[in-house]
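# Secondary and tertiary structure notes
In case you want the letters, here they are:
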Amino acid sequence: TEPPLEIRELAGVVRQARLDPCSFPSPSSSSVPQSLPIVVVGGVNEDIIGRASARVERGTSNIGTISETWGGVGHNIALCLAKLGASPHLITAMGSDGAEKALFKHCEAEGIKPTGVVCVEGERSCRYMALLDHEGDLIASIADMKAIQRLTPSLMRPFISAPWFSNAEMVVIDGNVTQEAIDHVCVAVSPHTAVFFEPTSNAKSVRGVPSWKKGGIHFVSPNEHELRTMARHVSETADDAKQTNATVTSIQADTTLNGVLSASVSRDLGTMFDAIDARMKALEAYHVVLTMGSRGVVLASSLPTRRNTVSVTLIPPSLAPYVTSTSGAGDTLVGATVWALLTQNHSSQHATTPKKTDNGRANLRKCDQATMSNALAVGVRAARMTVMSPHSVAPAISAAAMMRDEKMQ
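Right, let's walk through the structure included here.

The rules behind each value
Residues numbered from 1 in each chain as written. Predicted model: local features only at pLDDT ≥ 70, side-chain atom pairs only at ≥ 80, totals over all residues. Heavy atoms only, no water. Core = buried A, V, L, I, M, F, W, Y, C linked by side-chain atoms within 4.5 Å. Buried < 20%, exposed > 50% of the residue type's maximum accessible area, 1.4 Å probe, protein only. Contact = heavy atoms within 4.5 Å. Pairing = 2+ DSSP bridges. Helix = DSSP H or I, 4+ residues; strand = E, 2+ residues; numbered from the N terminus. Axes fitted to C-alpha atoms, helices over the stretch in contact; angles between N-to-C directions. Parallel < 35°, antiparallel > 145°, perpendicular 65-115°, else oblique. Left-handed = near helix turned anticlockwise from the far one by under 90°. Nonpolar A, V, L, I, M, F, W, Y, C, P; charged D, E, K, R; others polar. Lys, Arg positive; Asp, Glu negative; His and termini not counted. Salt bridge = Lys/Arg side-chain N within 4 Å of Asp/Glu carboxyl O. Arc of directions from axis to C-beta. Expected span 1.5 Å × (residues − 1).

### Points about the nonpolar core
Formed by 55 residues in total, the largest nonpolar core has its most connected members in Met170, Val172, Val338 and Trp339. Once residues within four sequence positions are removed from consideration, Met170 is found in contact with Pro37, Ile38, Val39, Thr193, Ala194, Val195, Phe196, Phe219, Val338, Leu341, Leu342 and Leu364. If you look at the next biggest cluster of nonpolar residues, it comprises 54 residues, including Val39, Met145, Trp164 and Ala275.

Below you can see the structure in the form of structure tokens.
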């Protein structure tokens with residue numbers, strides 16, 4: 001029988017990708033940054049996962065294993081970044097049930113800076129409970145995510161005014177937080193800070209649409225379903241006057257996309273890029289990282305020099321030899337891609353960069369497609385490691401592992 005859609009989609013994303021040796025320092029190079037100016041804003045859960053040892057019988061107790069670990073999209077992205085040596089700052093909301101103490105210990109052990117963790121009085125910390133069958137496929141789950149919904153702009157104010165936030169080169173935000181919080185972060189970031197939005201789910205993906213339309217989000221990573229939902233929401237909330245005067249974006253796909261990019265996906269991409277404020281498109285770059293399952297990963301980019309044209313390219317798939325778990329693969333993809341972007345940006349060997357900021361580094365708001373493609377190759381390499389691991393982020397992920405030649409894998 002065909003594996004579940006989630007497994008086919010995430011396992012199809014990953015492939016072995018050779019890195020451009022001119023873009024990254026060697027694993028032993030002293031130019032590999034030990035810490036990077038990255039902030040992650042998103043959900044952190046206590047995950048409780050039960051897996052049956054044999055076929056599940058409903059209505060009775062089933063023998064199996066139960067594990068407890070830290071999860072959540074924001075957590076997984078931050079953990080991936082930490083394993084790569086980035087030491088990201090984390091902004092999230094916890095309850096007042098004591099779980100925050102355990103989170104602080106976990107973050108300290110893993111290299112995550114919990115500088116933006118707020119405890120909401122009278123609320124329980126976020127929890128996720130899943131039941132898996134004997135093959136590891138999800139039967140049912142319950143998500144209690146009320147605490148993260150309490151992460152309001154007023155609660156974030158002390159963090160957003162901190163130097164570590166204003167100095168960030170990238171802020172990653174996931175769809176677990178409210179639209180109000182997403183909009184606030186996108187407005188509050190410094191002029192040199194790019195924003196990466198991970199939609200998280202169909203229902204939550206629309207929370208990023210208002211900021212995307214204003215040009216406040218520079219990178220977004222939906223799957224096909226989330227892209228369709230976001231594009232539909234763009235159309236439903238379009239200003240009639242602006243829509244009438246809008247310039248229709250031309251989609252230019254390379255030959256690798258023959259038979260991959262459907263007419264409906266092309267329309268959805270066009271809708272997304274047409275929606276971006278024209279003044280911002282003339283100044284900054286925008287990228288959609290579209291995971292298309294067994295067909296690979298599509299990167300669609302709009303650059304200031306050709307703002308009415310979207311260049312689309314494909315990273316073709318190569319299934320991992322085996323799949324242990326798809327949980328966290330998408331989060332790993334985002335975390336490793338962001339790490340690679342900033343590593344390129346900080347490496348003295350990276351000679352060709354977009355327009356520089358005052359600190360001498362490239363402004364990732366103007367990131368070109370070649371730079372993003374190279375970073376995305378690192379992301380799919382990390383995701384490949386995660387789908388072969390029982391963990392949400394593969395423990396073996398490291399800067400050295402990402403930089404090795406693919407023959408070493």
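### Remarks on the sheet that holds strand 1 (residues 38-41)
With mixed pairing, the ten strands of this open sheet are ordered in space as 5-4-1-8-9-10-12-13-14-11. With one partner strand each, in any of the chains shown, strand 5 (113-119) and strand 11 (250-253) form the two edges of the open sheet. Sheet topology note: the strand 8 (residues 170-174)/strand 9 (residues 194-198) ladder contains five bridges and is parallel. By the bridge assignment, Met170 is partnered in strand 9 with Ala194. Relative to strand 8, helix 7 (residues 179-188) is tilted by about 175°, and along the sheet it contacts strand 8 and strand 9.

### Some points on the packing of helix 5 (residues 153-160) against helix 7
Contact geometry of helix 5 with helix 7 gives a least axis separation of 10 Å together with a crossing angle of 30°. When the axes of helix 5 and helix 7 are compared, the pair comes out roughly parallel. Pair helix 5 / helix 7 crosses with right-handed handedness. Across from Pro153, Met156 and Ile160 in helix 5, the residues of helix 7 making contact are Glu180, Ala181, His184, Val185 and Ala188. Class assignment of the residues belonging to the contact of helix 5 with helix 7 gives a composition of six nonpolar, one polar and one charged.

### So, the side chain of Asp268
Structurally, Asp268 can be placed in helix 12 (residues 263-274). For the buried Asp268, no salt bridge is present, and the opposite-charge side chain at shortest range is Arg228, 4.3 Å distant. Once residues lying within four places of it in the same chain are set aside, the contact partners of Asp268 are Leu227, Arg228 and Ala231.

### With respect to helix 5
The set of residues buried in helix 5 consists of Pro153, Met156, Phe159 and Ile160. End-on, the buried residues of helix 5 take up no more than an arc of 100°, which puts them together on one face. What points out from helix 5, more than 90 degrees from its buried face, is the exposed set Arg157 and Pro158. Considering only its buried residues, helix 5 is in contact with strand 1, strand 4 (89-94), strand 5, helix 6 (163-166) and helix 7.

### Notes on helix 3 (residues 99-110)
Across its twelve residues, helix 3 extends 17 Å between first and last C-alpha, which sits within 8% of the 16 Å expected from 1.5 Å per residue. Inspection of helix 3 places Ala99, Glu100, Leu103, His106 and Cys107 among the buried residues, and these make up the whole buried set. Considered in projection along helix 3, the buried side chains sweep an arc of 115° and stay on one side of the axis. Exposed residues on helix 3 whose side chains face more than 90 degrees from its buried face are Lys101, Lys105, Glu108 and Ala109. Buried residues belonging to helix 3 abut strand 2 (45-52), strand 3 (64-71), helix 2 (73-83), strand 4 and strand 5. A positive backbone phi angle near 95° is found at Gly111, which sits one or two residues after helix 3.

### A closer look at the pairing of strand 6 (residues 127-132)
Across six bridges, the pairing between strand 2 and strand 6 is parallel. Counterpart to Ile48 in the pairing with strand 6 is Met129. Alignment of strand 6 against strand 7 (residues 138-144), held across six bridges, turns out to be antiparallel. Looking at the pairing, Met129 lines up with Ile142 of strand 7. The loop that links strand 6 with its antiparallel partner strand 7 comprises five residues; one of these, Gly136, has a positive phi angle of about 90°.

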